[in-house]
Amino acid sequence: MLFNSLEYALFFPAVILLYFGLPYRFRPAMLLAASCLFYMAFVPVYILILGFTIVIDYIAGILIEGSRGQKRKWMLVLSLAANIGVLAVFKYYNWIAFNFNTVSEALHTGARLDFLTILLPIGLSFHTFQAMSYTIEVYRGKEKAERNFLLYSLYVMFFPQLVAGPIERPQNVLYQFREKHDFNYRNAAEGLKLIAWGLFKKICVADNLAQVVANVYGHPADYEGIPVLISTFFFAVEIYCDFSGYSDIALGSAQVMGFRLMENFRRPYFSLSVTEFWSRWHISLSSWFRDYVYIPLGGNRVSVPRYYLNIFIVFMLSGLWHGASWNFVIWGALHGIYRVTGTYTLKTRKALAEAAGLTRFPVLHNLLNQGWTFLLVSFGWIFFRAATFADAMLLIKGMFRNIGPQLNSLLTDPGARDNLIYCHATKTAFFNGLGCMLVLLLVETLKGEGSARVWLAQRPPIVKWGAYYSLILCLLLFAQQASVGFIYFQF
């Protein structure tokens, strides 16, 4: 069930009415039933996989809490193995089999692995990582094992963040299912505003830009120069609006009911470095790898070479988390290189900036850093979006080819715009996406590091209500009509 679908527009109000209409003691069961219905709207049978991991981790949590010494450790290992095993079978087995068969053929060994004809369950990586965080926190003694099976199931399956996060921790969510939430007008109003803003990002910005991006990245041999540059920058905005739009709708849906989920995005493209970018982008995943991989590896409390290796390992794993493809591995490795290089050259870059006098102009200095960071991240997105490594290389090789002649064509032949600017997408989609993207940039610039809702609340009524009605008008006029799936559903 997509957040941007008619089904959800009917489902969500029904859940809200039931939630606040039922006695407190029936609400968790109702939310769990609604979450099951929400998930089964995709592929019903995969609820069994989710149920399997829930039972395993529920039992594991109780056994871990009641065990001591090595037994406690082995309980954790078995729980993690069960979760990772499900990921390995459904998400990585066919990729492993493909690579094994490729190497086997090259070596003429005759060995071969058969492929599995199974679909990847929606949101598998998200709820698997959330489940693993529970058992790890119980093992560390930071969370008590949940004895109420219904509440633990709800922790894993809570429908607003079930499919694409944020990846929550038990300390932040579990206790909230025991709280008594009465209807609160402010929560409802603020939640609905956040849902509307998330929908704007998704259906007005991301889905319109996606048409341009899909044409170029779907036919990389047919484009070079300006179209590749435009579609690459458009994809950087598309994936941000698609994913952060989902997160906004998730947080808003939860807030209407009185639940508080963690912030997952914080203006990532305003970052001054790639390091800062990863503290603002998909925060729940970045913090998961920091707490459960990077710090256990030693973090920065080790020798310098080992510190750099720790960073690289985390980003390689992050790439694999996103998908079973060498493109994702390369994307992760590229960000690892960015991070290591950025850390290694930090003092030198600061000295050069001071020598050039940039530090005397902090606004200009920040803009240059933001622009460079955006360029690095956008280049990385090429591997993330391209279907194959060969496609990615075609796009990179052709990115700056024939730009001069193309600019001349634009000046002399208006008909060239369809190929070079619109990339054979409709003009409506191009200009709707571009216009709404500029609105997004304006809003994120004006609001600064705070909340747009708080910023608007402090403005005069004519500004505040003008913004609300303008947002509604944008949703009515510029939205893509068809319900398009979210990019991160595939993970």
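All values reported here derive from a predicted model rather than from experimental measurement.

When you look at the side chain of Ser318 in this model, what are you seeing that I'm missing?
Here Ser318 lies in helix H12 (residues 304-322). With relative accessibility at 5%, the residue Ser318 sits in the buried group. The contacts of Ser318, once residues within four sequence positions are left out, are Leu285, Phe289 and Trp331.

So what exactly am I meant to see when it comes to the environment of Gly191 here?
For Gly191, the position within the fold is in helix H8 (residues 185-218). Between the alpha carbons of Gly191 and Cys241 there is a distance of 18 Å; along the sequence they are 50 residues apart. Once you skip the residues sitting within four places of it in the chain, Gly191 turns out to touch Gly252, Gln255, Val256 and Arg453.

How should I be thinking about helix H13 (residues 326-344) in this particular structure?
For an α-helix the count is 3.6 residues per turn, leaving residues at separations of three or four pointing the same way. End to end, H13 covers 26 Å across 19 residues, agreeing with the expected 27 Å (1.5 Å per residue, within 8%). Burial in H13 covers these residues: Asn327, Phe328, Val329, Trp331, Gly332, Ala333, Leu334, His335, Gly336, Tyr338, Arg339 and Val340. Contacts from the buried residues of H13 go to helix H4 (69-107), helix H10 (274-277), H12, helix H15 (362-385) and helix H16 (389-398). Regarding H13, its N-cap is Ser325, as a side-chain oxygen of that residue lies 3.1 Å from the backbone nitrogen of Asn327 further along.

Whenever I open this one, the pattern of salt bridges confuses me. Can you help?
By the definition in use, this model includes 14 salt bridges. Where Glu179 meets Arg260, a salt bridge forms, and the shortest distance between an N and an O atom there is 3.5 Å. Highlighted residues: Glu179 in the loop between helix H7 (170-173) and H8 and Arg260 in the loop between helix H9 (226-256) and H10, separated in sequence by 81 residues. Residue classification places Glu179 among the partly exposed residues on the basis of a relative accessible area of 30%. Here Arg260 falls in the partly exposed class, since its relative accessible area comes to 41%. Lys193 is the salt-bridge partner of Glu190, the closest N and O atoms lying 3.1 Å from each other.

I tried to follow the packing of aromatic side chains on my own but got confused; where do I start?
The geometry of an aromatic ring pair comes down to the distance between the two centres and the angle between the two planes. In total, this model carries 65 aromatic pairs according to the counting rule given. Look at Phe11 and Phe38: their rings are 6.0 Å apart centre to centre, the planes differ by 40°, and that puts the pair in the tilted class. Highlighted residues: Phe11 in helix H1 (residues 6-21) and Phe38 in helix H2 (residues 27-40), separated in sequence by 27 residues. Exposure remark for Phe11: the relative accessible area of 9% places this residue in the buried category. On the basis of relative accessible area, Phe38 is assigned to the buried category, the value being 0%.

Hey, could you run me through the environment of Ile472 in this one?
As for its placement among the helices and strands, Ile472 is situated in helix H21 (residues 461-477). According to the relative accessible area criterion, Ile472 is partly exposed, its value standing at 46%. Linking Ile472 and Ala196, residues 276 residues apart in sequence, is a C-alpha distance of 7.8 Å.

It is not clear to me how the packing of H12 against H13 should be interpreted in this structure. Could you clarify?
When two helices pack together, their arrangement is given by the angle between the helix axes and the distance between those axes. Following both chains from N to C, one finds H12 and H13 inclined at 155°, their axes separated by 7 Å at the closest point. As judged from the angle between their axes, H12 and H13 are roughly antiparallel. The two elements H12 and H13 meet at a crossing, and its hand is right-handed. Together, Tyr307, Tyr308, Ile311, Phe312, Phe315, Met316, Ser318, Gly319, Leu320 and His322 of H12 and Phe328, Val329, Trp331, Gly332, Ala333, His335, Gly336, Ile337, Arg339, Val340, Thr343 and Tyr344 of H13 make up the contact between the two elements.

The rules behind these values
Residues numbered from 1 in each chain as written. Predicted model: local features only at pLDDT ≥ 70, side-chain atom pairs only at ≥ 80, totals over all residues. Heavy atoms only, no water. Helix = DSSP H or I, 4+ residues; strand = E, 2+ residues; numbered from the N terminus. Buried < 20%, exposed > 50% of the residue type's maximum accessible area, 1.4 Å probe, protein only. Contact = heavy atoms within 4.5 Å. Expected span 1.5 Å × (residues − 1). Polar contact = N/O pair within 3.5 Å; in protein donor to acceptor, adjacent residues only side chain to side chain. Salt bridge = Lys/Arg side-chain N within 4 Å of Asp/Glu carboxyl O. Phe/Tyr/Trp six-rings, centres within 6.5 Å; stacked < 30°, edge-to-face > 60°. Axes fitted to C-alpha atoms, helices over the stretch in contact; angles between N-to-C directions. Parallel < 35°, antiparallel > 145°, perpendicular 65-115°, else oblique. Left-handed = near helix turned anticlockwise from the far one by under 90°.

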